[in-house]
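Reading the structure
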Amino acid sequence: MAHLLSTSCSIKVSSGCRPYSLPLKQGLSTFPTSLTFQASESPFTRLVSRGEKHQRNYTVHATTLPVSKEGPTQPSSGSHQTLKEPSKPQRVMVIGGDGYCGWATALHLSNKGYEVAIVDSLVRRLFDHQLGIDSLTPIHSIHNRLRCWKSLTGKTIELFIGDICDFEFLSETFKLFEPDAVVHFGEQRSAPYSMIDRSRAVYTQQNNVIGTLNVLFAIKEFREQCHLVKLGTMGEYGTPNIDIEEGYITITHNGRTDTLPYPKQASSFYHLSKVHDSNNIAFTCKAWGIRATDLNQGVVYGVRTDETEMHEELCNRFDYDGVFGTALNRFCVQAAVGHPLTVYGKGGQTRAFLDIRDTVQCVELAIANPAQPGEFRVFNQFTERFSINDLATLVTKAGEKLGLNVQSISVPNPRVEAEEHYYNPKHTKLVELGLKPHILSDSLLDSLLNFAIKYKDRVDTKQIMPSVSWRKIGVKTRTITA
Ligand SMILES: O=c1ccn([C@@H]2O[C@H](COP(=O)(O)OP(=O)(O)O[C@H]3O[C@H](CS(=O)(=O)O)[C@@H](O)[C@H](O)[C@H]3O)[C@@H](O)[C@H]2O)c(=O)[nH]1
C-alpha cells in the first residue's frame, strides 16, 4: 500500500489470563487503511498461544446448555467442542464490536448470558484521526471498556484485535472461539466516507466485500453450523415506486411466476458494497448450505442502552459530523449548539429509522431464532418511517420545549437521491419474532437533546456541514486539512 507509513505503535490486549502486546504497523496517512501487523510479531502467533490455553479451558468448562428466546442465562458446563445442537447458539462472535451498533450489541448479548467475543481492527477510531473528527461522547479504549464491564458484571468478553480481511487472523479467531453465531458489523458503514475519493470508494468495497467473503469461507471451513447474522442496509433497495418487501418479491412475468430477490438500487459505493455482500451470502447459502440472516437495517438513532448506561466508561460513541453522523443524531446536536438543522435538498427523502435499543433487540432475536442450513433470510430492521422534514419538525418542537431556538436550512443536496418519492417498506418478520419497538417519542427526543446539551462543549461546529459531494468525487486522494 503506497501510502502506508511505517509508524509503529503497540496495542495492548487483555486476555482473561494475562495481558500481552501486539506491535502494529499503522497507516496514518489520509488514505484509508486497515491496521497491518508486522510480520515478525504477528498477532496470529500470540493469539494461538492464548487460544491453546483457552482451548484447554473449553474442554473442562465449555457448555451445551439450551437457549430460550431470551438467550442462555447460565454459565458454561461440558465440552463446547462436542456441541451436538448447533442451532442453540451460545457463543457469539461480534465482528466490529468496538463500533456504534457493535459495542451496544456485544454488551447486550453478554448481559443476556451469551459468551461473547469481540473481533475488531479498531480502524473506526483511525478514521476519526484521519478526518480530524471525534465522537460527541468521550469513549474509552476497548480495553478499559471490557475491564469495566468485567468489574461491573463479572462477565468476560473476549477480544481479538485484527483485520478480518486477513484470513489467517480470522481463521484463528474461529478456531479459538468456535462461534455458534457471528454478528458481522465489521464494515466501513458511512455512505459519505465511501464517496470522498476513489481510494475511499475502493477501500470501502474491498474491506466490506472481502471481509464478508472471508467470514463465509471461515464458516464453511471451520464452523459450518454457525449462523451468520449480517448487517445489511435498507439502502440496498433504494426508493422504488412500489412497496418494498423483505428481501424477496413474487413476480408473474409472461404467465410464469417466481419468488426472486427484491431488486437493488443502492446509491453510494457503501450501500453498493452491502448489495455485493448480499449476493455473495445468498450464493454461499445455496452452494454450501450456509445459514444466514441479512438484517437490512434503517438509520439508527439514540445512544443509550441498558448496558452502556451502567457506567460512563461503557458510554457509546455518538457521531454528529458530516461523514459519520446520521440524520436524527446530527439534528439533535445541531439543535443543542444553535446550528441550523441541515436539511439536504427538499427534505422529502424518506427513510426507515430505529432506536439503538431496538438494534440490539433485533440482533438478539435473529440469533435466538437462527436461519436453517442453506437458508438466506432477509429481515427489514426498522420500526418507523420519517422524511427528513418530519425529523426537522420533531426536533424543532422538542427543542422549543427545552427553550432552544431551533432553525432549519435547506443545504444543496451533496448526494444524488430522490428528494420526493414513494416509500413503503414491509417490516413484519422481526415483529413476528417478538420485537417490541421503542417508538420515537417526545420523551426520547427530550432525552437525546439533553444528552447532546450535556456534551455540547465537545462539539466542533466546523464538522457539521457536509463536505462530501456525490457528483464531485474524483480519483485524486483527498487530504483532509485541519
Ligand atoms: O444532515 C443531514 C444528514 C442526512 N440527511 C439525509 O438523511 C438521509 C439519511 O442519511 P444518513 O446520513 O442519516 O444515513 P445514511 O447515509 O443513509 O446511512 C446510515 O443509515 C444507513 C441505513 S439506510 O439509510 O440505508 O436505511 C446505514 O446503512 C448506514 O450505515 C448509516 O450510516 C439522506 O437522505 C440524507 O440526504 C440530511 O438531509 N441532512
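As annotated in an unreviewed UniProt entry, the protein carries the name UDP-sulfoquinovose synthase, chloroplastic and comes from Juglans regia.

This model, assessed by the stated rule, comprises 10 aromatic pairs. Pairing F217 with W288 gives two aromatic rings, centres 4.9 Å apart and planes at 65 degrees, and the pair type is edge-to-face. Taken together, the positions of F217 in helix α7 (residues 198–222) and W288 in helix α8 (residues 269–288) put the pair 71 residues apart, joining distant regions of the chain. Linked through ring pairs, F127, Y193, Y203 and F324 together constitute an aromatic cluster. The ring of F324 carries the charged tip of R124 above its face, separated from the ring centre by 3.7 Å. Note that K220 overlies the ring of W288, its terminal NZ or CZ placed 5.3 Å from the centroid.

The subject of this paragraph is the sheet that holds strand β14 (residues 350–355). Within the open sheet, the 3 strands sit side by side as β12-β14-β16. Their pairing is mixed. Edge strands, defined here as strands with exactly one partner in the open sheet, are β12 (299–301) and β16 (384–387). Here the strands of the sheet are splayed against their neighbours by 45 degrees on average, with no regard to which way each runs. Judged from the 3 bridges that link them, β12 and β14 form a sheet pairing that is parallel. Paired with V300 across the bridge in β14 is L354. Here helix α10 (residues 356–368) sits on the sheet in contact with β12 and β14, set at roughly 75 degrees to β14.

Right, let's talk about the UniProt feature "domain: NAD-dependent epimerase/dehydratase" (unreviewed entry) in the protein for a bit. Under the local residue numbering, the UniProt record ascribes the feature "domain: NAD-dependent epimerase/dehydratase" (unreviewed entry) to residues 92–380. For residues 92–380, helix accounts for 40% and strand for 21%, while the C-alpha atoms at its two ends are 22 Å apart.

Attention now moves to the sheet that holds strand β5 (residues 115–120). Note on sheets: strands pair through backbone hydrogen bonds, and any given pair is parallel or antiparallel. One open sheet accounts for 7 strands, arranged β6-β5-β4-β7-β8-β11-β15; its pairing is parallel. Edge strands, defined here as strands with exactly one partner in the open sheet, are β6 (158–161) and β15 (376–381). For this sheet the average axis-to-axis angle between neighbouring strands, irrespective of direction, equals 20 degrees. Where strand β7 (residues 181–184) lies against strand β8 (residues 227–233), 4 bridges are found, and the strand directions are parallel. Of the residues in β8, the one forming a bridge with V182 is L228. Its contacts with the sheet place helix α5 (residues 167–177) against β4 (91–95), β5, β6 and β7, and it is angled at close to 165 degrees to β6.

The backbone of E178 shows a phi angle near 50 degrees, a positive value even though the residue is not glycine. Exposure remark for E178: the relative accessible area of 10% places this residue in the buried category. If you check the backbone angles, N254 has positive phi at about 50 degrees while not being a glycine. By the secondary structure assignment, N254 is in the loop between β9 (248–253) and β10 (256–261).

The next subject is the site of the ligand. In the vicinity of the ligand there are 23 residues, among which T233, Y270, A327, T342 and E417 approach most closely. A distance of 2.7 Å is found between an oxygen atom of the ligand and a backbone nitrogen or oxygen belonging to A327. Contact with the protein chains hides 95% of the accessible area of the ligand, taken as 730 Å² for the molecule alone. Secondary-structure elements contributing two or more residues to the shell around the ligand are α8, α9 (327–337) and β13 (341–344).

Inspection of the secondary structure puts E384 in strand β16. No salt bridge is formed by the buried E384, whose closest oppositely charged neighbour, R385, lies at an N-O distance of 9.4 Å. Only 2.8 Å separates the side chain of E384 from the backbone nitrogen of L440, close enough to count as a polar contact. Look past the residues within four positions of E384 in its chain and what remains in contact with it is Y301, R351, A352, F353, H438, I439 and L440.

Counting 41 residues, the largest nonpolar core has V92, L109, I118, I142, V183 and I367 as its most contacted members. Tallying contributions element by element places α10 first for this core, with 8 residues. Core analysis: the next-biggest nonpolar cluster, separate from the first, contains 34 residues, F353, L444, L445 and F451 among them.

Packing of helix α2 (residues 100–111) against helix α4 (residues 142–153) leaves a shortest axis separation of 12 Å and a crossing angle of 20 degrees. Here α4 runs roughly parallel to α2, going by the angle between their axes. Between α2 and α4 lies a crossing whose hand is right-handed. Residues W103, L107, S110 and N111 of α2 form the contact with α4, whose participating residues are I142, R145, L146 and W149. Here the contact of α2 with α4 is built from residues that sort into 5 nonpolar, 2 polar and 1 charged.

For the structure on display, the rule yields 23 salt bridges. Between D180 and R223 there is a salt bridge, and its shortest N-O distance comes to 3.2 Å. One end of the pair, D180, is in the loop between α5 and β7; the other, R223, is in the loop between α7 and β8, and 43 residues separate them in sequence. Comparing D180 with R223 shows no difference in burial state: the two are buried. Residues participating in the shared-partner salt-bridge network are R124, D128, R189, R317 and D319.

Within the fold, N241 resides in the loop between β8 and β9. Taking relative accessible area as the criterion, N241 reaches 66% and is therefore assigned exposed. Counting along the chain gives 182 residues from N241 to Y423, while the straight-line C-alpha distance between them is 7.2 Å.

Its location among the elements puts V209 in helix α7. For the pair V209 and G238, spaced 29 residues apart in sequence, the C-alpha separation works out to 19 Å.

The full count for this structure, using the stated rule, is 2 cavities of 30 Å³ or more. Grouping the constituent residues of the lining of the second largest cavity by class yields 6 nonpolar, 1 polar and 1 charged.

Analysis parameters
Residues numbered from 1 in each chain as written. Predicted model: local features only at pLDDT ≥ 70, side-chain atom pairs only at ≥ 80, totals over all residues. Heavy atoms only, no water. Phe/Tyr/Trp six-rings, centres within 6.5 Å; stacked < 30°, edge-to-face > 60°. Helix = DSSP H or I, 4+ residues; strand = E, 2+ residues; numbered from the N terminus. Lys NZ or Arg CZ within 6 Å of the ring centre and 35° of its normal. Pairing = 2+ DSSP bridges. Axes fitted to C-alpha atoms, helices over the stretch in contact; angles between N-to-C directions. Contact = heavy atoms within 4.5 Å. UniProt positions renumbered as here; feature names shortened; annotations may be inferred. Buried < 20%, exposed > 50% of the residue type's maximum accessible area, 1.4 Å probe, protein only. Near = heavy atom within 4 Å. Polar contact = N/O pair within 3.5 Å; in protein donor to acceptor, adjacent residues only side chain to side chain. Areas by Shrake-Rupley, 256 points an atom, 1.4 Å probe, with all protein chains shown as cover. Lys, Arg positive; Asp, Glu negative; His and termini not counted. Salt bridge = Lys/Arg side-chain N within 4 Å of Asp/Glu carboxyl O. Core = buried A, V, L, I, M, F, W, Y, C linked by side-chain atoms within 4.5 Å. Parallel < 35°, antiparallel > 145°, perpendicular 65-115°, else oblique. Left-handed = near helix turned anticlockwise from the far one by under 90°. Nonpolar A, V, L, I, M, F, W, Y, C, P; charged D, E, K, R; others polar. 1 Å grid on protein atoms, 1.4 Å probe; cavity = no way out; pocket = protein on both sides within 12 Å on 5 of 7 lines; lining within 4 Å. Points joined across faces, edges and corners; volume = space filled by probe spheres on them.

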